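Observations on chain architecture
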Amino acid sequence: KKIGSIIGIVFSGLFPAHAQFTQEDQAYIDSLKFVVEYEKEDSVVLNAILAWDDFIYAFDRELDYELNRRVVSIVQQGLNKPGVSDRYRKIYLRSYSIAQNNLGLLLIDDEDFLSALKCFQLSLQIAEHYQDSMKIGNALNNIGMIYDHLNLHEKAIEYYTKSHTYDKSDLVSTGSYYNNIGLCYMAMGDTMKA
């Protein structure tokens with residue numbers, strides 16, 4: 001896709017009426033939009049898009065999807081440039097990993113579990129390549145969610161447990177881990193373990 005056509009979609013007022021932002025929040029969003037529209041440096045644009053996406057993901061599913069597709073497009077174009085440096089390859093692939101993870105979460109909402117699983121596996125592969133333990137843990141946790149949704153609770157527990165080995169120092173992830181494991185045991189009818 002051409003970047004110009006994507007900018008038109010992104011800036012076409014996709015925020016739903018129920019998403020109310022403070023004046024400060026809106027100024028932040030506007031500054032990110034400005035960077036995305038006018039900045040030429042891919043690394044800066046990717047960071048701005050991902051920051052924008054982090055800010056709005058709970059409010060606007062369509063824009064969330066579009067922003068992550070935009071990251072994928074920039075990455076694909078960037079990786080196909082002749083002579084791309086190792087530094088930029090790393091930037092592109094890390095951004096791609098984040099976008100794949102985000103798209104996977106959207107696909108879970110659509111109950112397209114196979115496509116979501118593919119997104120999480122791509123994210124995991126990149127995170128493992130760069131030995132990014134936090135992203136490895138996140139991808140493993142999300143793969144566990146897929147198995148949980150498919151009622152393959154023992155397999156889900158296996159992935160949740162693997163994810164916890166990567167992010168034990170993060171208390172939010174640890175809480176999520178115990179919650180996810182407990183829900184699996186509840187679904188399996190083992191209330192004592194839950």
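The present account deals with the structure reproduced in this document. Bear in mind that the values here come from a model prediction, so they are computed numbers and not experimental data.

To continue, consider the side chain of S95. By the secondary structure assignment, S95 is in helix α5 (residues 86-109). Apart from the residues lying within four places of it in its own chain, the contact partners of S95 are L46, L50, V71 and V75.

All right, on to the packing of helix α6 (residues 113-129) against helix α7 (residues 133-149) then. Their axes nearest at 8 Å, the elements α6 and α7 cross at an angle of 160 degrees. On the basis of the axis angle, α6 is roughly antiparallel to α7. α6 and α7 meet at a crossing whose hand is left-handed. Of α7, the residues touching α6 (which contributes F113, A116, L117, F120, Q121, S123, L124, A127 and E128) are K135, I136, A139, L140, N142, I143, I146, Y147 and H149. Split into classes, the residues belonging to the contact of α6 with α7 amount to twelve nonpolar, four polar and two charged.

Moving on: helix α4 (residues 61-79). In an α-helix, one turn spans 3.6 residues, which is why side chains three or four residues apart end up on the same side. When the terminal C-alpha atoms of α4 are compared, their 27 Å separation across 19 residues agrees well with the 27 Å that a helix rising 1.5 Å per residue should span. Every buried residue of α4 is accounted for by L63, D64, E66, L67, N68, R70, V71, V72, S73, I74, V75 and G78. Between the side-chain oxygen at the start of α4 and the backbone nitrogen of E62 there is a gap of 3.3 Å, and the oxygen is on D60.

Moving on, we come to the layout of surface pockets. In this structure, the largest pocket encloses a volume near 590 Å³. Of all the secondary structure elements, the ones that give two or more residues to the lining of the largest pocket are α3 (42-56), α4, α5, α7, α8 (153-166) and α9 (171-187). By residue class, the composition of the lining of the largest pocket is eight nonpolar, twelve polar and eight charged.

Turning our eyes to something else, we now look at the nonpolar core. I49, W52, I56, V71, Y92, I143 and I146 are the most contacted members of the largest nonpolar core, which has 49 residues in total. Listed by contribution, the elements that provide at least two residues to this core are α2 (23-38), α3, α4, α5, α6, α7, α8 and α9. The contact partners of I49, leaving out residues within four places of it in the chain, are V36, L67, R70, V71 and I74.

This brings us to the pattern of salt bridges. According to the stated counting rule, one finds five salt bridges in the structure shown. Between D42 and K81 there is a salt bridge, with the nearest N and O atoms lying 3.0 Å from each other. Taken together, the residues span a long stretch of sequence, with D42 in helix α3 and K81 in the loop between α4 and α5 at a distance of 39 residues. On the basis of relative accessibility, which here comes to 16%, the residue D42 falls in the buried class. The salt bridge partner of D110 is R61, with a shortest N-O separation of 2.5 Å. Note that D110 is positioned in the loop between α5 and α6 and R61 in helix α4, a separation of 49 residues in sequence. Look at D110 and you get partly exposed, because its relative accessible area is 48%. One continuous salt-bridge network, built from bridges that share partners, spans K155, E158 and K162.

Tallied over the full model, the rule gives seven aromatic pairs. Each ring, one from Y28 and one from F55, has its centre 5.3 Å from the other, and the planes form 65 degrees; the classification is edge-to-face. Separated by 27 residues along the polypeptide, Y28 in helix α2 and F55 in helix α3 bring together distant segments of the chain. On the basis of relative accessibility, which here comes to 37%, the residue Y28 falls in the partly exposed class. Among the aromatic side chains, those forming a connected cluster through ring pairs are F21, Y28, F55 and F59. Seen from the ring of Y147, K155 lies directly overhead, with NZ or CZ sitting 5.9 Å from the centre. One residue, K162, lies across the ring of Y159, its end atom 4.7 Å from the ring centre.

Calculation notes
- Residues numbered from 1 in each chain as written.
- Predicted model: local features only at pLDDT ≥ 70, side-chain atom pairs only at ≥ 80, totals over all residues.
- Heavy atoms only, no water.
- Helix = DSSP H or I, 4+ residues; strand = E, 2+ residues; numbered from the N terminus.
- Contact = heavy atoms within 4.5 Å.
- Axes fitted to C-alpha atoms, helices over the stretch in contact; angles between N-to-C directions.
- Parallel < 35°, antiparallel > 145°, perpendicular 65-115°, else oblique.
- Left-handed = near helix turned anticlockwise from the far one by under 90°.
- Nonpolar A, V, L, I, M, F, W, Y, C, P; charged D, E, K, R; others polar.
- Expected span 1.5 Å × (residues − 1).
- Buried < 20%, exposed > 50% of the residue type's maximum accessible area, 1.4 Å probe, protein only.
- Polar contact = N/O pair within 3.5 Å; in protein donor to acceptor, adjacent residues only side chain to side chain.
- 1 Å grid on protein atoms, 1.4 Å probe; cavity = no way out; pocket = protein on both sides within 12 Å on 5 of 7 lines; lining within 4 Å.
- Points joined across faces, edges and corners; volume = space filled by probe spheres on them.
- Core = buried A, V, L, I, M, F, W, Y, C linked by side-chain atoms within 4.5 Å.
- Salt bridge = Lys/Arg side-chain N within 4 Å of Asp/Glu carboxyl O.
- Phe/Tyr/Trp six-rings, centres within 6.5 Å; stacked < 30°, edge-to-face > 60°.
- Lys NZ or Arg CZ within 6 Å of the ring centre and 35° of its normal.

It is worth stressing that arrangement in space is one thing and function is another; only the former is reported here.
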